[in-house]
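An overview of the molecular structure
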There are 2 protein chains.
Amino acid sequence: AGPPRGAVLAVAAVAVAVAVLVAKWRRPRPLREVLFFPCRPCCLEALLAEPPPGRPCPCPLPRADTSLSRLVRRLLSARRSLDLCIFSFSCPLLARAVHLLHRRGVRVRLVTDAQYMGLRGSQIGTLRHAGIQVRHDQHSGYMHHKFAIVDRRLLITGSLNWTTQAIQSNRENVLVVDDAECVKPFLDEFERIWEEYNPANYSF
Amino acid sequence: AGPPRGAVLAVAAVAVAVAVLVAKWRRPRPLREVLFFPCRPCCLEALLAEPPPGRPCPCPLPRADTSLSRLVRRLLSARRSLDLCIFSFSCPLLARAVHLLHRRGVRVRLVTDAQYMGLRGSQIGTLRHAGIQVRHDQHSGYMHHKFAIVDRRLLITGSLNWTTQAIQSNRENVLVVDDAECVKPFLDEFERIWEEYNPANYSF
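Quick caveat, the model's predicted, so the values are computed rather than measured.

1. Focus: the interface of chain B and chain A
- Counting from both sides, the interface comprises 48 residues of chain B and, opposite them, 48 residues of chain A.
- Linking chain B with chain A are six salt bridges.
- The residue Asp-179 of chain B makes a salt bridge to Arg-32 of chain A at a minimum N-O spacing of 2.5 Å.
- Our count for the chain B to chain A interface comes out at 20 residue pairs in polar contact (both at pLDDT 80 or more).
- It is helix α1 (residues 5-26) of chain B that contributes the most residues to the side of chain B that touches chain A, nine residues altogether.
- Taken together, the residues of the side of chain B that touches chain A break down into 23 nonpolar, 13 polar and 12 charged.

What follows is the structure, given as structure tokens:
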């Protein structure tokens, strides 16, 4: 005599549950966030003020959930490292976010374009002055990437240069993803560029 | 008396197999391709010549597998539609790929930037002349996207403008993905822009 029918059903149910759990565990739901610009101006003091403001900012800008506030939130989620490859970086709000992370002890590394870093309004000088490591290309083509990697696990990439004009006036996109198949190649590219642009390797 | 132990094991095995299949069916392995530029010049005649060349192209360029050849292969995989939002489009090779798809009967729609479409070397004029639908922005900010959607299911996006300078000289990235969570927002953005830039809506 074999086991009763109830046991068969119980075993089958457990097997199904285990299989589903294993399948879920093997492939966690990846993060996908798509941000489009232009976005309307908004107040980011609640995110960027240090120490956090005791009362709401009195400025007239709305405290809305916008593509920019989402981008800043993603950046500020960094706990250990922020690796940046930004062609053109002149947006004061995004520079504040990077300064803030640097002061919190996050290891910030920034690669930028040699020709654009010197333009009027560029934030590269103040970031460097604050002690943030900056490297730039030394060849005639542009370092045209616009990506950020948060804690070596979150990739933020797209068409958006970090300029107020791009954020407020251009049609732009930013994609936020966390699956290793996307993040790893960008991490490798970052390390490659970081080493290639090491000042110790400059040729004059 | 219940069923024999063999039956219990058989039921459990079938249940596991079904659960695994369902899990796989629900979440197929998404496509992830990351392309970096610059890439070295290569011969694309085997892909772009029409009719396909009977013998290897005699040009001295290598027939290598490069980021550009991979990008062109992805574009040429279009069977029904190609939706393009390209800020700056001057690369003759990529224009050939688009012409080829148009002649094959693929529905090509192209959105571009009003200020950049008139620059020397722009391919927009010849694409339009061939009968490809082109629309452009009418505002002061840039239409700065650089993305393509193949058959409404494959998204090709990144920092790369479709210029020979970008392909051969710049540090650039292109991401190719096919999961709906990424593709759908870009499709919606394309349709939004396509309608907004409809000449019937022009204000003079």
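Additional details are given in the paragraphs that follow.
2. A closer look at the UniProt feature "domain: PLD phosphodiesterase" (unreviewed entry) in chain A
- In the numbering adopted here, UniProt assigns the feature "domain: PLD phosphodiesterase" (unreviewed entry) to residues 139-166 of chain A.
- Overall, residues 139-166 of chain A shows 11% helix and 36% strand. The separation of its end C-alpha atoms is 25 Å.

3. Structural notes on helix α3 (residues 67-76) of chain B
- In terms of burial, α3 of chain B is a largely internal element, seven of the 10 residues being buried.
- Among the residues making up α3 of chain B, those that are buried are Ser-67, Leu-68, Ser-69, Leu-71, Val-72, Leu-75 and Leu-76 of chain B.

4. Describing empty space enclosed by the protein
- A complete count under the given rule lists three cavities of 30 Å³ or more for this structure.
- Taken together, 13 residues make up the lining of the largest cavity; nearest its centre are Lys-146, Ile-156, Leu-160, Trp-162 and Val-174 of chain B.
- Taken together, the elements giving at least two residues each to the lining of the largest cavity come down to β5 (146-150), β6 (154-158) and β7 (172-177) of chain B.
- For the lining of the largest cavity, the per-class residue count stands at eight nonpolar, four polar and one charged.
- Estimated volume of the second largest cavity: approximately 40 Å³.
- The wall of the second largest cavity is formed by Lys-146, Phe-147, Ala-148, Ile-156, Thr-157, Gly-158, Leu-160, Trp-162 and Val-174 of chain A.
- For the lining of the second largest cavity, the secondary-structure elements that each account for two or more residues are β5 (146-150) and β6 (154-158) of chain A.

5. Concerning the pairing of strand β1 (residues 32-37) of chain A
Residues and elements named next belong to chain A.
- With six of its six residues buried, β1 lies for the most part within the structure.
- Side chains Arg-32, Val-34 and Phe-36 project from β1 onto one buried face, and the interleaved Glu-33, Leu-35 and Phe-37 project onto a second face that is buried too.
- As judged from the six bridges shared by β1 and strand β7 (residues 172-177), these two strands associate in the antiparallel manner. Within the sheet, the bridge partner assigned to Phe-37 lies in β7 and is Glu-172.

6. Describing the sheet that holds β1 of chain A
Residue and element names in this part refer to chain A.
- With mixed pairing, the seven strands of this open sheet are ordered in space as β1-β7-β6-β5-β2-β3-β4. Looking along the sheet, the strands with just one partner apiece sit at the ends: β1 and β4 (133-136). Averaged over all pairs of adjacent strands, the angle between strand axes in this sheet comes to 15°, irrespective of strand direction.
- One ladder, built from five bridges, connects strand β2 (residues 81-86) with β5; its direction is antiparallel. Bridge pairing links Asp-83 to Ile-149 in β5.
- Packing against the sheet, helix α3 (residues 67-76) makes contact with β1, β2, β5, β6 and β7, and its axis sits at approximately 135° to β1.

Rules of the game
- Residues numbered from 1 in each chain as written.
- Chains lettered and ligands numbered in written order.
- Predicted model: local features only at pLDDT ≥ 70, side-chain atom pairs only at ≥ 80, totals over all residues.
- Heavy atoms only, no water.
- Contact = heavy atoms within 4.5 Å.
- Salt bridge = Lys/Arg side-chain N within 4 Å of Asp/Glu carboxyl O.
- Polar contact = N/O pair within 3.5 Å; in protein donor to acceptor, adjacent residues only side chain to side chain.
- Helix = DSSP H or I, 4+ residues; strand = E, 2+ residues; numbered from the N terminus.
- Nonpolar A, V, L, I, M, F, W, Y, C, P; charged D, E, K, R; others polar.
- UniProt positions renumbered as here; feature names shortened; annotations may be inferred.
- Buried < 20%, exposed > 50% of the residue type's maximum accessible area, 1.4 Å probe, protein only.
- 1 Å grid on protein atoms, 1.4 Å probe; cavity = no way out; pocket = protein on both sides within 12 Å on 5 of 7 lines; lining within 4 Å.
- Points joined across faces, edges and corners; volume = space filled by probe spheres on them.
- Pairing = 2+ DSSP bridges.
- Axes fitted to C-alpha atoms, helices over the stretch in contact; angles between N-to-C directions.

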